[in-house]
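# Secondary and tertiary structure notes
Residues per chain, in single letters:
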Amino acid sequence: IVAKNITIAIDSDNTISTLAGDLILDSFTGELVVNDNVTISENLSVTGNVDITGNTTQTGHATISEIQIGVSFPNEIDTVSTNLILDSQTGETHIDDNLTVTGNALINTDLTVDLNTLIKQDLTVNSDVQIDETLTVTQNALINQVQIGLSQDNEIDTLSGDLVLDSFTGLT
């Protein structure tokens with residue numbers, strides 16, 4: 001069947017095609033209803049919004065604005081440029097698994113730890129520390145110029161100068 005530039009079942013069975021130009025599907029209501037699965041063999045370009053009410057499954061990778069999912073490495077979320085920012089409307093972001101930080105961790109406000117924390121290498125603190133429970137140091141500690149267990153086990157000494165023990169009342 002040929003109607004103007006539209007052909008039906010001419011190229012092959014079950015095929016709607018055109019003799020010239022694009023095939024445009026348009027309806028009076030502005031809505032196209034497809035009551036079956038859709039397979040797209042080439043690229044899909046969407047100018048408007050896409051509303052999906054069911055699940056989506058995607059093989060390969062995705063780039064959404066500047067965020068890349070699975071592009072640089074499988075299971076990796078990164079950016080094309082600048083920093084990756086995780087932010088929530090409530091001001092709280094939950095990580096429901098173990099967290100491994102390969103680079104440095106910079107914490108600009110308070111860090112509250114509810115359970116045990118294992119630090120496998122050095123910890124540098126540039127401000128005050130409040131410890132409400134027990135602090136266990138299994139190797140050694142360097143606090144200002146005072147070292148604990150650094151020179152020798154069970155020894156408190158200094159990097160330079162005298163070791164002074166002083167109390168608030170002046171009694172030692």
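Residues numbered from 1 in each chain as written. Predicted model: local features only at pLDDT ≥ 70, side-chain atom pairs only at ≥ 80, totals over all residues. Heavy atoms only, no water.

This brings us to the sheet that holds strand S6 (residues 77-79). Taken together, three strands build an open sheet; the order of strands is S4-S5-S6 and the sheet is antiparallel. Across the chains shown, the open sheet's two edge strands, defined by having one partner strand only, are strand S4 (62-64) and S6. Each strand of the sheet is rotated relative to its neighbour by a mean of 25 degrees, with strand direction disregarded. Sheet topology note: the S4/strand S5 (residues 67-69) ladder contains three bridges and is antiparallel. Each residue of the ladder has a partner; that of Ala 62, found in S5, is Ile 69. (Pairing = 2+ DSSP bridges. Helix = DSSP H or I, 4+ residues; strand = E, 2+ residues; numbered from the N terminus. Axes fitted to C-alpha atoms, helices over the stretch in contact; angles between N-to-C directions.)

Mapping Gln 68 onto the fold places it in strand S5. The buried category is assigned to Gln 68, whose relative accessible area is 13%. Taking the C-alpha atoms as reference points, Gln 68 and Ser 41, 27 residues apart in sequence, are found 24 Å from one another. Sequence-distant contacts of Gln 68, defined by excluding residues within four places in its chain, comprise Ala 62, Thr 63, Glu 76, Ile 77, Asp 78, Thr 79 and Val 80. (Buried < 20%, exposed > 50% of the residue type's maximum accessible area, 1.4 Å probe, protein only. Contact = heavy atoms within 4.5 Å.)

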